[in-house]
Amino acid sequence: MRQMSQVARSSAGDPMTPHPVMIRRIIWENDDTFTLTIDPSDEMEGYQFLPGQFNMVYVYGIGEAAISISSNPSRTGTLDHTIHRVGTVTTALAQKKRGDMIGLRGPYGSSWPIDIARGKDVCIVSGGIGLAPLRPVIYTLLAERAAYGRIIVLYGGRSPLDLLYRVELEKWANEHNIEVLVTVDRGDSSWKGHIGVVTALFSYIKLDARATVAYVCGPEIMMKYTLNELDRRGLAPDQVYLSMERNMKCAIGICGHCQFGPTFICKEGPVYPLPRVRALLDRKEL
Amino acid sequence: MEKENLVDILQQHPFLLGLSDEHMQTLVGCASNVRFNEGAYVIREGELANSFYLIRTGRVALEMDMPGRAGLRIQTTGAGEILGWSWLISPYRWHFNGIAVADTRAIALDGECLRRKCEEDPVFGYDLLKRLAQVMERRLEATRLQLLDLYGTTASGVGA
């Protein structure tokens, strides 16, 4: 399942050296999350990524952060990264403008196994920024919509203003026959949608347990409760995939910062089949 | 609405799946069909809680009154779910407002009638209580998750 893309390593062959890339656009999705669109450099010609993979994004003089790629894998010429401003590097990225240069190396990590979902239903469960690594999955499914059965997207956010990709969510539901259910932790009187945790949305859907593949990404505790719901509905563990997050540094399996039990998330992950990590999820302080 | 039709509707509601025919007959005597237009109050904080709603279609938001500011909506309940258990617990007052955020159809079960039947038939009462306890357990779990404010702290993309 692990499929490393090859391309955007340093032209000098050093996997730790970032390419300089130019920021084409910054779109603020909400108060603290933005989508950074970059133009790959000439050195990155032929750059390709798979849904679920990430890049190391470097702010010169500040440092690097591992950021999932959130754009359409079939679209060449630009790359999107949706970034939650929470630390030094992401705060520095948030202060960048169109035309500024940053560094980038990647893509790294495993990808969502989309081919196994052909002819089946797909249930995508995400929370918060977790929708970003799954957006390339949705684009890929839509490129061959007829090859898949039902596509269900369950998405939870903190509040209506915190939701990502609101225009696209509506478009996916209205124009692409995707069952999109969105919920927020708290809303005001203008919000007519669901309020509650993302797992509560399972009450409103019926899954064909034998013919559904689930992709899950969000805060780890959200994923644990989501796995319980999928289990209650009879999905076998080998039909479930999830994306894990740990602190990444080298992204090439050397430094050990992202060790998760016997695996390094930067190399074997971030996307894992559930049986590979099920026992680790219940282990304390891992 | 005919009693037979109400039984059909009740039998299809997920909350009552598997309820015996005998208990269904007990229950239907307390049931009536109700409808709320979008924006209507289904329940009001502080008022007598004398109904138990099985939502058929639509959605109801639970809202807490906040002095000096707009109400805060903390949960919604929709098709196939239930609304309200204060009818069971003394002093039988609603703790929240419930506002239909979409046109909503429901079966209303009279709380006083239900309590009386639960007292008369403890087996029926225990069955009903077990079903309610399951819902309460799930909602307690969901509330705990909401309290964690899950989405505010994760970094930036890889995994979340």
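Rules of the game
- Residues numbered from 1 in each chain as written.
- Chains lettered and ligands numbered in written order.
- Predicted model: local features only at pLDDT ≥ 70, side-chain atom pairs only at ≥ 80, totals over all residues.
- Heavy atoms only, no water.
- Disulfide = S-S within 2.5 Å.
- Salt bridge = Lys/Arg side-chain N within 4 Å of Asp/Glu carboxyl O.
- Helix = DSSP H or I, 4+ residues; strand = E, 2+ residues; numbered from the N terminus.
- Buried < 20%, exposed > 50% of the residue type's maximum accessible area, 1.4 Å probe, protein only.

Enumeration according to the criterion identifies one disulfide over all chains in this entry. No disulfide involves C123 of chain A; its sulfur sits 14 Å from that of C217 of chain A, the nearest cysteine.

Turning to the pattern of salt bridges, a few remarks are in order. Residues and elements named next belong to chain A. One pass over the structure, following the stated rule, counts 17 salt bridges over all chains. For the salt bridge of D80 with R135, the shortest nitrogen-to-oxygen distance reads 3.4 Å. You can see D80 sitting in strand 5 (residues 79-84) and its partner R135 sitting in helix 2 (residues 135-143), a full 55 residues away along the chain. The exposure classification of D80 matches that of R135, with both residues buried. In this structure, R118 and E144 form a salt bridge, with 2.5 Å as the shortest nitrogen-oxygen distance. On the criterion of sequence distance, the pair formed by R118 in the loop between strand 6 (101-108) and strand 7 (121-127) and E144 in the loop between helix 2 and strand 8 (151-157) is long-range, its members being 26 residues apart. The exposure class of R118 is partly exposed, given its relative accessible area of 39%. Using a relative accessible area of 36% as the deciding quantity, one classes E144 as partly exposed. Here the residues in one salt-bridge network are R75, D80, R135 and E168, joined through shared partners.

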